[in-house]
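One-letter residues, chain by chain:
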Amino acid sequence: MRAFFLVAAMALLIGVPAGGAAAHDGWFVRVYPAKTEAGRIHLTFFGGRQGYSWSWIKGRTSEEIDQPRRFQSAARLTMRGSTSSTPNNINPHAYVCVGFRDHIVQRMEFDDHEDHEKNWNDTDDCDC
């Protein structure tokens, strides 16, 4: 009982519910490596008069990241994803999902580049 209380208290201090995974505070990105051939994916985001770029590198970068705090309250996000070719594959495939708080807003599957403009309350499915 004492151990559970300590875990619950620590979870409250760092903002994670004791019963399971926390929802995100705003926009987030998830790469699905099992469906991604690309070794590197470049993602660019614009929203709320702010911009942000992020590169995912297979085996080196986390599969899921939260967008910076300045995007937490952005109601609309413009996103662009592109892949880098490899010696064996000119247009490697990428599978990326972009979400807001507790749901997926846009699934992106591309082998060159893909652009989207989405609202926080849009929904899409994702196998991530």
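This structure is a prediction, so every number in the text was calculated from the model and none was measured.

With that out of the way, let us pick up the environment of R101. Within the secondary structure, R101 is located in the loop between strand 6 (94-100) and strand 7 (103-110). For R101, a relative accessible area of 43% gives the class partly exposed. Once residues lying within four places of it in the same chain are set aside, the contact partners of R101 are A23, H24, D25, G26, F28 and Q72.

With that settled, the discussion passes to the pattern of salt bridges. Going through the model one piece at a time under the given rule, you end up with 6 salt bridges. A salt bridge links E109 to R107; the nearest nitrogen and oxygen atoms lie 3.4 Å apart. Here E109 falls in the partly exposed class, since its relative accessible area comes to 35%. Among the salt bridges present, the one from K118 reaches D122, with a minimum N-O distance of 3.9 Å. Looking at K118, the relative accessible area reads 18%, which means it is buried. In the salt-bridge network here, residues are joined through shared partners; they are R107, E109 and D125.

Pairing is antiparallel in the open sheet, where 4 strands are placed in the order 4-1-6-7. Edge positions in the sheet fall to strand 4 (64-66) and strand 7, since each has one partner strand and no second. Direction aside, neighbouring strands of the sheet carry axes that sit 20° apart on average. Examined bridge by bridge, strand 6 and strand 7 share 7 bridges and lie antiparallel to one another. Of the residues in strand 7, the one forming a bridge with F100 is H103.

Now for the pairing of strand 2 (residues 40-47). Judged by which residues are buried, strand 2 turns out to be one-sided: I41, L43, F45 and G47 face inward and are buried, whereas R40, H42, T44 and F46, on the alternate face, are not. Note that strand 2 and strand 3 (residues 50-57) share 8 bridges and pair antiparallel. The residue of strand 3 that forms the bridge with R40 is I57. Taken together, strand 2 and the strand that follows it, strand 3, pair antiparallel across an intervening segment of 2 residues, in which G48 is found at a positive phi of about 60°. By the bridge criterion, 6 bridges tie strand 2 to strand 5 (residues 76-83) in an arrangement that is antiparallel.

Turning our attention to the nonpolar core. In this structure, W27, I41, F45 and V96 are the most contacted members of the largest nonpolar core, which totals 21 residues. Among the elements of the structure, strand 1 (27-31), strand 2, strand 3, strand 5, strand 6 and strand 7 are those that each provide at least two residues to this core. By residue number, the principal contributor to this core is strand 6, which donates 4 residues. F45 has contacts with V29, Q50, G51, Y52, Q67, F71, L77, T78, M79 and V98, leaving out every residue within four places of it along the chain. In this structure, F28, C97, I104 and C126 belong to the second largest nonpolar core, which totals 5 residues.

Once that is clear, we can look at the state of the cysteines. For the structure on display, the rule yields 1 disulfide. Bridging C97 to C126, the disulfide has an S-S length of 1.6 Å. Disulfide C97-C126: torsion about the S-S bond near 90°, hence right-handed. Here C97, found in strand 6, pairs with C126, found in the segment after strand 8 (113-119); they are 29 residues apart in sequence, far enough to count as distant. Like C97, the residue C126 is buried in the burial classification.

Cut-offs used in this document
Residues numbered from 1 in each chain as written. Predicted model: local features only at pLDDT ≥ 70, side-chain atom pairs only at ≥ 80, totals over all residues. Heavy atoms only, no water. Helix = DSSP H or I, 4+ residues; strand = E, 2+ residues; numbered from the N terminus. Buried < 20%, exposed > 50% of the residue type's maximum accessible area, 1.4 Å probe, protein only. Contact = heavy atoms within 4.5 Å. Salt bridge = Lys/Arg side-chain N within 4 Å of Asp/Glu carboxyl O. Pairing = 2+ DSSP bridges. Axes fitted to C-alpha atoms, helices over the stretch in contact; angles between N-to-C directions. Core = buried A, V, L, I, M, F, W, Y, C linked by side-chain atoms within 4.5 Å. Disulfide = S-S within 2.5 Å.

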